[in-house]
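Below, each chain spelled out in residue letters.
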Amino acid sequence: MSFDKVLIICNGQPPEDQLLRLLWKEVDLRIAADGGANCLPIEEFRPDFVVGDLDSLNAEVRFGFPKNSIIHIEEQDTNDADKALRFCLDKSARTVHLLGASGKRLDQFLANLEVMYKYSTQMRIILWTEIERMEFISGNWKEPLPPDS
């Protein structure tokens with residue numbers, strides 16, 4: 001099964017509520033990258049999967065998920081955003097939106113940019129912050145922008 005649009009919530013700066021609500025409705029699959037699940041009000045926003053090494057996922061949050069929705073990837077050579085993006089590749093995702101992939105620590109943000117670049121030829125990856133949207137583009141880019149952009 002392939003997915004047109006996927007949302008990954010990372011464990012960085014928690015996503016702004018309005019953007020989270022907008023993207024949550026637009027996507028086919030919702031993933032929390034490990035501790036990204038901690039910043040979601042689970043009653044309202046329950047991801048389909050939690051993916052990562054699970055070193056940041058709070059025990060009480062983990063308890064609320066069925067076992068088959070927790071994807072534990074033990075390797076420590078990559079960060080949780082990388083693990084979640086590889087999971088998306090396995091699901092043949094076309095476009096992935098990243099929330100919570102910036103903020104908190106600059107080294108984590110830079111690592112997430114590197115991960116975006118690494119997979120940018122295999123799927124479209126868009127990183128959102130409260131004030132901007134970022135993606136790596138190779139070749140030509142065309143997209144209609146809202147009039148107030």
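One can find the structure itself at the top, above this paragraph.
Residues numbered from 1 in each chain as written. Predicted model: local features only at pLDDT ≥ 70, side-chain atom pairs only at ≥ 80, totals over all residues. Heavy atoms only, no water.

## Describing the layout of surface pockets
Stage number 1. The volume enclosed by the largest pocket comes to roughly 340 Å³.
Stage number 2. N11, N79, D80, Q108 and N112 are, among the 21 residues lining the largest pocket, the residues nearest its centre.
Stage number 3. Of all the secondary structure elements, the ones that give two or more residues to the lining of the largest pocket are α3 (80-90) and α4 (106-119).
Stage number 4. Broken down by element, the residue count for the lining of the largest pocket peaks at 5 residues, all from α4. (1 Å grid on protein atoms, 1.4 Å probe; cavity = no way out; pocket = protein on both sides within 12 Å on 5 of 7 lines; lining within 4 Å. Points joined across faces, edges and corners; volume = space filled by probe spheres on them. Helix = DSSP H or I, 4+ residues; strand = E, 2+ residues; numbered from the N terminus.)

## Some words on the sheet that holds strand β4 (residues 70-72)
By way of backbone hydrogen bonds, the strands of a sheet pair with one another, either parallel or antiparallel.
Stage number 1. If you trace the 7 strands from one edge of the open sheet to the other, you get β4-β3-β2-β1-β5-β6-β7, paired in mixed fashion. Since the sheet does not close on itself, it has two edges, and those belong to β4 and β7 (133-134), each with one partner.
Stage number 2. In this structure, strand β5 (residues 95-99) lies alongside strand β6 (residues 124-128), joined through 4 bridges in parallel fashion. By the bridge assignment, T95 is partnered in β6 with R124.
Stage number 3. Across the sheet, helix α1 (residues 17-26) touches β1 (5-9), β2 (29-33), β5 and β6, and the angle it forms with β1 is around 140°.
Stage number 4. Where α3 meets the sheet, it contacts β1, β2, β3 (49-52), β4, β5 and β6, and its direction lies at approximately 125° from that of β3. (Pairing = 2+ DSSP bridges. Contact = heavy atoms within 4.5 Å. Axes fitted to C-alpha atoms, helices over the stretch in contact; angles between N-to-C directions.)

## What to know about the packing of aromatic side chains
Stage number 1. What the rule picks out here adds up to 3 aromatic pairs.
Stage number 2. The interplanar angle of 80° and the centroid separation of 5.1 Å between the aromatic rings of W24 and F45 together place this pair among those described as edge-to-face. Of the two residues, W24 is situated in helix α1 and F45 in the loop between β2 and β3; the sequence distance between them amounts to 21 residues.
Stage number 3. Under the relative-accessibility criterion, F45 is labelled buried at 4%. (Phe/Tyr/Trp six-rings, centres within 6.5 Å; stacked < 30°, edge-to-face > 60°. Buried < 20%, exposed > 50% of the residue type's maximum accessible area, 1.4 Å probe, protein only.)

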